Amino acid sequence: MKEALIGRLVAGEETRVRAAYEAFEAQPVTETCRTDNRLPFGAEETTLAGEASATGVGTFERKRHPVLQFGPSAIPGWWIHRTDLAEQLDVKVSVRNVWTSARNIVLRAGSPHNYLRMVEHIVALRLGLGVDNVRLSIAGGDPPLFDRSSLDLVEAVQRARIVPTGRPARYVTVKEPVTIGGGRGDFVTLLPAEGDDRRLHLDVAIAWDTVVGQQRIQVDLTPETFIRGAGARTNATQSQYLMSKTIGKLFADVRNMGYTKDNILIHGKRGFITTPRPDFNLDNGKNCEPVWHRTMLDLVAAIALIDRGRFVGTVKSYRAGHTLDVRLMTLLYMLDLLEVLP
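Caption draft 1: Inspection of the sheet that holds strand 24 (residues 338-340) at higher detail. Strands sit in the order 22-15-24 across an open sheet of three strands; the sheet is mixed. A strand with exactly one partner marks an edge of an open sheet, and here the two such strands are strand 22 (310-311) and strand 24. One ladder, built from two bridges, connects strand 15 (residues 171-174) with strand 22; its direction is parallel. Of the residues in strand 22, the one forming a bridge with valine 172 is phenylalanine 311.

Caption draft 2: Spotlight on the pattern of salt bridges. For the structure shown, the criterion picks out 21 salt bridges. Between arginine 228 and glutamate 31 there is a salt bridge whose closest N-O contact spans 2.6 Å. Taken together, the residues span a long stretch of sequence, with arginine 228 in helix 4 (residues 223-230) and glutamate 31 in strand 2 (residues 31-33) at a distance of 197 residues. A cluster of three or more residues bridged by salt bridges with shared partners is formed by Arg148, Asp152 and Glu155.

Caption draft 3: Broad picture of the sheet that holds strand 11 (residues 115-116). As summarised here, the arrangement of the three strands in space is 9-10-11, forming an open sheet in which the pairing is antiparallel. Edge positions in the open sheet fall to strand 9 (98-100) and strand 11, since each of these has one partner strand only. Relative to strand 10 (residues 106-108), strand 9 runs antiparallel, the two being bridged by two bridges. Within strand 10, the residue paired with valine 98 across the bridge is leucine 107.

Caption draft 4: Region of the structure containing the nonpolar core. Among the nonpolar cores identified, the biggest contains 84 residues, and Phe70, Leu202, Phe226, Trp292, Phe311 and Leu332 are the most heavily contacted of them. The element that contributes the greatest number of residues to this core is helix 6 (residues 289-303), accounting for nine residues. With sequence-adjacent residues up to four places away left out, leucine 202 is seen in contact with Arg34, Ile217, Gln218, Val219, Leu221, Thr295, Met296, Leu299, Val300 and Val315. One finds Ile6, Phe24, Ala207 and Tyr318 within the second-largest nonpolar core, a separate group that totals ten residues.

Caption draft 5: Quick peek at the packing of helix 3 (residues 151-160) against helix 4. The geometry of helix 3 relative to helix 4 is characterised by a closest axis approach of 8 Å and an angle of 140° between their N-to-C directions. Relative to helix 4, the element helix 3 lies oblique. Of the residues in helix 4, those touching helix 3 at Leu151, Val154 and Gln158 are Phe226, Ile227 and Ala230.

Caption draft 6: Highlighting empty space enclosed by the protein. Scanning the model with the defined rule gives two cavities of 30 Å³ or more in all. Taken as a whole, the largest cavity spans an internal volume of roughly 130 Å³. If you go around the largest cavity, you meet 14 residues; those closest to its centre are His121, Pro144, Leu145, Phe146 and Ser149. Listed by contribution, the elements that provide at least two residues to the lining of the largest cavity are helix 2 (120-128) and strand 13 (144-145).

Thresholds applied
Residues numbered from 1 in each chain as written. Predicted model: local features only at pLDDT ≥ 70, side-chain atom pairs only at ≥ 80, totals over all residues. Heavy atoms only, no water. Pairing = 2+ DSSP bridges. Helix = DSSP H or I, 4+ residues; strand = E, 2+ residues; numbered from the N terminus. Salt bridge = Lys/Arg side-chain N within 4 Å of Asp/Glu carboxyl O. Core = buried A, V, L, I, M, F, W, Y, C linked by side-chain atoms within 4.5 Å. Buried < 20%, exposed > 50% of the residue type's maximum accessible area, 1.4 Å probe, protein only. Contact = heavy atoms within 4.5 Å. Axes fitted to C-alpha atoms, helices over the stretch in contact; angles between N-to-C directions. Parallel < 35°, antiparallel > 145°, perpendicular 65-115°, else oblique. 1 Å grid on protein atoms, 1.4 Å probe; cavity = no way out; pocket = protein on both sides within 12 Å on 5 of 7 lines; lining within 4 Å. Points joined across faces, edges and corners; volume = space filled by probe spheres on them.

Take a look at the structure:
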């Protein structure tokens, strides 16, 4: 058995993490997508040339059709501008402004009303498309939901056009191997970038007690791999879907009124309730839409909350979710474990 490269354990029990690592390494790789390009997002910082928007049904209020607009930002970083609120500063997309990550990531700053929910599928584009400076404008805290997951957002950014600023891009990594362990056999490990390698290597596995079962992909983040993963829908068990449509309506954090059998992948113990996207079918007959969603729209989003630059290195994730991801990003700041690469 391969020895676990845990490095500095910032939270969790070492015996549990080592057991989880053994299960992770024993799980076969479902799909591999690598690149030889050691600088897939280029050496220059980027912004948007213009503005473009995307609209869909409200995630939490289905009767609304919120419009999310992407535009350039004169201030470095990603910023959320609530057009319906007066005298509120823009919310910086940063782990410093995470309000909660219990079921989805919510960013907030200033007034309790100055927030945006379920930001993960939006801010993942920061790293996934390699665009550094963006201002997001929306009249409300409820983002739009799409039948094609985040592809509508990708296309909005493409219409706005990513352009270089003329300044060098900033890349960051961890100073040493770092691991966080959770309480259900889950962990996330970050390994430093090597030499002049400016890739983000992702090795992500899920293991669920449904038809999804075990899935693991090893993929390098590039615009192409991200765009593929951006089409992977949010997934839910049949009981979770029924919860959101019944008693879940009483609770704000699970009131996913915009969910339909088209825009989420619903799975049960023995089979899929909705049809997985054929884009993620493999030659062996398996479909890996859930692990692509977990990788590109959940894990990459959490890493995008590192606002010091483009994070590079290696990430290993097993059975983890939003809470563990965000907790690790927070601890990287608290323990001063990030460094800017030359």
